[in-house]
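# Examining the three-dimensional arrangement
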Amino acid sequence: MPVPVTHAPEVQTTAPLIEVFSSIQGEGSLLGRRQVFVRFSGCNLQCSYCDTPYAPRQECRVEKVPGSGTFTTWDNPVKLATLVAYVRSLMDERSSCQDSHHSFAITGGEPLLHAELLKQWFPCLQRLLPIQLETNGTLPDALRQVLPWLDWVVMDIKLESQTGEATPWEAHRAFLRLALQAQCCVKLVVGDSTPDSELHTAAELLVNTAPPYSSNLDVVLQPRTVNGSCSISGSKLLRQQDILSGYGLDVRVIPQTHCFMQLL
Ligand code: SF4
């Protein structure tokens, strides 16, 4: 009887990237850390405030010298080996014993749309730097596949008042349960039009999903940025923080800061 031919699973070595650069994290709980940003194309949501380029492109842009604003391009899809060589060159350029880079920021779009690929890339990337995943927090099955390689997960709770789309509460709940296996930061983008009721619902989800006094959960209120400025009155922001804190959550208010630093 003929023996069926089996093939080893193919290692996916190329990915559709938008941009790669070294910069300072401007949001969330790793604010101020130097990271290598790797932005993947594609997203499963259409938030009304989105200003992130995520549509697939023929070329990925790569900053030649960090902070210089000058770019070269790589053809898409990009090879893992090309990315690894770039990151090594960034790290080698640092003169002495201590490298400035803290971690990778794997971002999008929605990087978890590429979970099959990420689970093949992460073991290699993790040998260079620890990994932070930035995600809209809606694809729990995809997160499960890559969790073993993640040190930090920064997930959104997408509030309908800001995105214009119904909040996927159940997906966020399932996602958060898994994300808490890493160090998790939950980010809520808020605006002047955010009703208190949305924050109460978000707070209930958080306290009902995370174990009480979870040391691995950070909660960040991020005032929406419009034309480079915070779009929300100070009094409203303080009130929104009070609402979440009233549930026993440890809440920080952190606006997007990269726009003040003239950095990507
Ligand atoms: S999830 Fe992020 S990348 Fe996707 S549309 Fe919303 S803001 Fe843009």
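Residues numbered from 1 in each chain as written. Predicted model: local features only at pLDDT ≥ 70, side-chain atom pairs only at ≥ 80, totals over all residues. Heavy atoms only, no water.

### Section: the overall build of the protein chain
Within the protein chain, the regular secondary structure consists of seven helices and 14 strands. The C-alpha atoms of the protein chain give 19 Å as radius of gyration, which agrees with the globular expectation for 264 residues (18 Å, within 12%). In terms of its C-alpha atoms, the protein chain occupies a principal-axis envelope of roughly 65 × 60 × 35 Å. A total of 264 residues make up the protein chain; the buried ones form 47% of that total. Taking the intrachain contacts of the protein chain between residues at least 6 apart in sequence as the baseline, contacts between residues at least 24 apart amount to 70%. Roughly 12,800 Å² of accessible area belongs to the protein chain as shown, and the carbon and sulfur atoms make up 51% of that amount. Looking at charge distribution, the protein chain has the averaged site of its 20 positive side-chain charges lying 4 Å from that of its 26 negative ones. (Helix = DSSP H or I, 4+ residues; strand = E, 2+ residues; numbered from the N terminus. Rg over C-alpha atoms; globule rule 2.2 N^0.38 Å. Buried < 20%, exposed > 50% of the residue type's maximum accessible area, 1.4 Å probe, protein only. Contact = heavy atoms within 4.5 Å. Areas by Shrake-Rupley, 256 points an atom, 1.4 Å probe, with all protein chains shown as cover. Lys, Arg positive; Asp, Glu negative; His and termini not counted. Charge placed at Lys NZ, Arg CZ, Asp CG, Glu CD.)

### Some details on the sheet that holds strand S9 (residues 152–156)
Reading across the sheet, the ten strands line up as S5-S4-S2-S3-S7-S8-S9-S10-S11-S14 and stay open at both edges, with mixed pairing between neighbours. With partners counted over all chains shown, the strands left at the sheet margins are strand S5 (71–75) and strand S14 (251–253), one partner each. On average, each strand axis in the sheet is inclined to that of its neighbour by 20 degrees, with strand direction left out of account. The sheet contact formed by strand S8 (residues 131–135) and S9 spans four bridges and is parallel. Looking at the pairing, Glu134 lines up with Val154 of S9. Of the strands in this sheet, S8, S9, strand S10 (183–190) and strand S11 (217–223) are in contact with helix H5 (residues 169–179), which crosses S9 at around 165 degrees. (Pairing = 2+ DSSP bridges. Axes fitted to C-alpha atoms, helices over the stretch in contact; angles between N-to-C directions.)

### Quick look at the pairing of strand S7 (residues 101–107)
For S7, a buried count of six out of seven residues is recorded, marking the element as mostly surrounded by other parts of the structure. Note that strand S3 (residues 34–40) and S7 share six bridges and pair parallel. Following the sheet pairing, Arg39 is matched in S7 by Thr107. As paired elements, S7 and S8 share three bridges and run parallel to each other. Note on S8: the bridge partner recorded for Ala105 is Gln132. With respect to chirality, the unit in which S7 leads through helix H2 (residues 115–125) into the neighbouring parallel S8 is right-handed. (Right-handed = clockwise from strand over helix to strand, strands pointing away.)

Shape is all these values report; function is a separate question.
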